[in-house]
Each structure stands twice: as C-alpha cells, then as structure tokens.
Amino acid sequence: MTKSIKKIWKWIDDRSGFTENIVPIIKHPVPPKAKWSYVFGSATLFCFILQVITGIALSLLYQPSSSEAYQSLLFITNKAKFGNVLRGIHYFGASAMIILVGIHMIRVYITASYKFPREMNWISGVILLLCTIFMGFTGQLLRWDSNGIWSSVVAAEQLGRTPFIGKYLARLLLGGDTIGGQSLSRFYSYHVFMVPAMIFIFIGFHLYLVIRNGISEPPKAGRLVDPKTYRAWYKNMLKEKGVPFWPNAAWRDVMFSAFIIIGIICLAFIFGPPVLSGKPDPAVLTTIPQPDWYMVPFFSLFALMPHKIESVAMLLGPILTIIILFSIPFISNSGERSPIKRPWAMYGVICVTVFVISLLVIGLKAPWSPHFNTKPLPLSAIKSKNPDSTIVQGVNLFYTKGCEYCHKINSYGGIDGPDLTTIGNRLNEQELKIRIVNGGKNMPAFGGILSKDEINKVVAFLSTQN
Ligand code: HEC
C-alpha cells in the first residue's frame, strides 16, 4: 500500500518537479532578523484567499440583477445556512485586507524596502493597493441597498465633475448616465472577474519578485544601499547568516495570519454583516449616504474641501497621489534605509497617516454622514403644545421624508442643514414653502417629491417652531 503511494508520489514529483523547484523556494534563505514587522504582507494574502472562498460561496446565491439582488441578499442573510456569518466574514475580511495592505505598505515605506533592487515590488504593490480599494468600492454597491447605491451615485457624481473627461469616466463606471440595472451588472463584473483577475496576476508577480530579489534585510543606520554592490553583498550576507524561510521565518507569518483569520471569523459571528439599509427608493431622498468605513476618508475629503477647488482637486488629487506613489522608489532608490536617518520621510508618512485617520474620524461623526438611524421626532420635542392633526402629520412627514437626516430639531436629527428648531421666527409660511420646493445648496428640491398636501403639512408644522 505505502509502496504504491510512494510510486504515485514519485510519478507526480517527477512530472511536476516539486522537490526540484518548489522545495528550494520554500527553504530559500532569508535574512535572519526579519521579525514580526514582516508578517503583514502574508496576512494580506491569506485575507485575500479568504475573500475568494467566501466570495465564491456568496456568488452561489447572489443574483446580480437589479430586481433580484436585494432579495437574494435578504435570503442569504436571513434564510441560508450560515449565510449571515458568510456575509460577515466577507465584510470583515475586506476591512482586514484594507487595513493590512495599509500597514504592509507603511512598513515597507518606513524600512525603505522599496529601494534597489525592489522598486518593482513597490510598483506592483501600489497596483494591488488600488485594486483592493476598488474591490471595496464595488462590493458595497453589490449590496444594492440604499446606502450602497447612494455611495456609488456620489462617487460617480464626483467622478463626473472631472474637467473634460468626467462625463465619460462616469459613464464607464456606471454603464450609463445614471445608476441602474446596467451599473449593477457592470459592478458585478468588475468585482468578481476583472479586478480579482488583476489581483491574482499582480500577487503572482509580487511574490515572484519577492523570491527573485529576496526579502529586504531589516535596515541599520549607516549601512547604505549601493546599487553597484548591493546584490553581491546581499548574496554574501544570506550565505553567512541566512536562515531557511520555512520554518525559521514562516512560522510567524502562519501564526499571525491564523490569528487574523480567527479574529475575522469571531467578528463575523459576534457582529454579523452590515445591516442592509433598505431597498433603494427614489422617493425617500437620502441624498447623503453612509459609505462603508474605508470609503469615509474620501467622502470627508470632498465634503471638507472648498467648493471652488473641488473640480480641480477631483482631477489632480487622485492623479497626483497615484503618480507620487508610483514614483517613490525612483525619487530615491539608494542610500540610507534606516528610518532614523530619514526624518523627512518619516515626517511625511506620519502626516499622511494622521490626515487619513482624521478624515475617517471626522467623517464617521460629521454632518455629512447621514443620520439614517435618527429617531422619529417625538411630539414632546416640538414647540406647539396642542398640535392639531395637520401638525402631527407634518411632524411624521418630517421624519419619513428624510428631512430629519439633515435637519435638527431640539437635538433630534442630523446637522447637514441648518437647525430648524426656531425656523418659524426666521421664515414665514410662503418662504418656507419656497425653500422646500426649490431646495438650495446641498438641500434637495422637494417640489417633485412631496405632494402639495404634504408640503403644506410640513410647512404648517415648521411655522409653529418659533
Ligand atoms: C440632504 C440634506 C437635506 C435634506 C434631506 C433636507 N434638507 Fe433642508 N436644507 C439642507 C441644507 C444644506 C439647507 C441650507 C440650504 C442653503 O443654505 O441654501 C437647507 C435649508 C432648509 C430650509 C431653510 C432653512 C433656513 O434657515 O433658511 C428649510 C425650511 C428646510 N431646509 C426644510 C427642509 C424640509 C422640510 C425637508 C424635508 C422635506 C428638508 N429640508 C430636507 C439640507 C437638507
């Protein structure tokens, strides 16, 4: 029995060249002191594999058509065995992947591992970063709930403001002038075919480069990278002090990745997937979406920016960022690698990190993130002491039609628009009506959305707020 198994293995090994080609890769020598800070890349890879597996499982039940998508997600969430946990793993897996990609990139930057001969490792990494972000963005729309849709609408509108080519970019993204069924199949195609294929290719390339150029040795102040002598020095250093990748270095990768994967699964069990925010309904104007957290910094950036520079920044911002990212290894590919000797580079990475995290924090509690979960305005919070039925209906409409997402009355509601607690002092009924029908800057025009009767009721209510 064991003899025939051995025979089969021999045949496989001979035809595939496993022992000959793969084992040396697994056992190849790596620098001895590459410790825990080197685990983030492999953890990202394991998260990606987790995403592929859970993504395929989700696609077995998900239906990418605008009439079925939301229903099929409800089915996955509420009826399918483990569907809820599956969605949770896919969501927390995506979050983990984005965080880990970010940390991995910061680590590579801090230790200047992008310097000679690893410039191309960095470039393929930047492409992988962009792919990962795009996966998060497209995945959010596949939920096909009001949040996902409005987040994509806002993104497309911002893209559409790009001078000259904006219209075409937005059309390319959405597959039409507005979001609709065609956008969903397009996003599905991006999310499950196009971008994953690119990620597979570039991960392959990235790993190939890691083998070809070797893992960077931890930097030491005063030990400079000289492209003329580096490869010979590196080879010699490995010969003298190198340790086999498996198991001496890889056990940390395995431990850390296992810790992350178990963490993701626990989070999925405890918190479950993000709640579906309701079927998209054009009659409920929730113009300010609550995007998933990893999109929030982008939204914050454009919400905080002065309107005048927005369209220029729309064009230049992303292009400049991408150019800078790609050019980092060309700006300096030799010399010091130690962070202590590169104070300006460290200053830069700290500023960018603090900036992005601040945008995230601001965005999570700021006015432009909608307060979809605002509680209905209770009658005890309004000014009128004996409201008649018109006013009561006005109060209800104020909540159900989404006014309260943006306007505050007595500490209830969002703060994107002006506080309306004492609006009756400032505007008379006619002026109120004009404002509501016509809208304004960042206030949607409700003329076509509310009936005359509904507008009158809301106005009747607001005019008592004095
Ligand atoms: C997307 C967020 C948003 C929603 C939803 C919204 N508003 Fe507004 N609203 C604003 C903003 C922003 C302004 C300020 C507009 C300006 O300065 O031109 C505003 C202004 C107003 C004003 C004038 C306030 C003043 O002090 O001049 C009134 C009245 C008003 N909204 C009522 C409503 C009512 C009623 C609804 C629901 C039918 C509603 N809004 C829904 C954002 C919103």
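Residues numbered from 1 in each chain as written. Predicted model: local features only at pLDDT ≥ 70, side-chain atom pairs only at ≥ 80, totals over all residues. Heavy atoms only, no water.

J.: Help me understand the domain arrangement of the protein in this model?
T.: How big an interface is tends to be reported as the loss of accessible area on association of its parts. Per the domain assignment, the segments making up the protein are domain 1 (26–365) and domain 2 (379–463). Taking only C-alpha atoms into account, the centre of domain 1 sits 42 Å from that of domain 2. (Domains from an automatic or database assignment.)

J.: Would you explain the packing of aromatic side chains in this entry?
T.: The way to describe two aromatic rings as a pair is by their centre distance and the angle between their planes. Counted according to the given criterion, the structure contains 19 aromatic pairs. Taking 5.9 Å as the distance between ring centres and 25° as the angle between the ring planes, the aromatic pair formed by Tyr109 and Tyr114 counts as stacked. In terms of burial, Tyr109 and Tyr114 fall into one category: buried. A centroid spacing of 5.7 Å and a plane angle of 25° characterise the contact between Tyr230 and Tyr234, whose relative ring orientation is stacked. With Tyr230 and Tyr234 both in helix 10 (residues 230–241), this residue pair falls four residues apart, about one helical turn. For the pair shown, Tyr230 and Tyr234 are each scored as buried. Of the aromatic side chains, those joined through ring pairs into one cluster are Phe116, Tyr230, Trp233 and Tyr234. (Phe/Tyr/Trp six-rings, centres within 6.5 Å; stacked < 30°, edge-to-face > 60°. Buried < 20%, exposed > 50% of the residue type's maximum accessible area, 1.4 Å probe, protein only. Helix = DSSP H or I, 4+ residues; strand = E, 2+ residues; numbered from the N terminus.)

J.: Explain helix 6 (residues 119–142) to me, please; I cannot follow it from the model alone.
T.: Compared with the 34 Å implied by 1.5 Å per residue over 24 residues, the 35 Å span of helix 6 between its first and last C-alpha is a close match. Along helix 6, 17 of the 24 residues are buried, which leaves the element largely enclosed by surrounding structure. Immediately beyond the C-terminal end of helix 6, within one or two residues, lies Trp144, with a positive phi of roughly 50°. (Expected span 1.5 Å × (residues − 1).)

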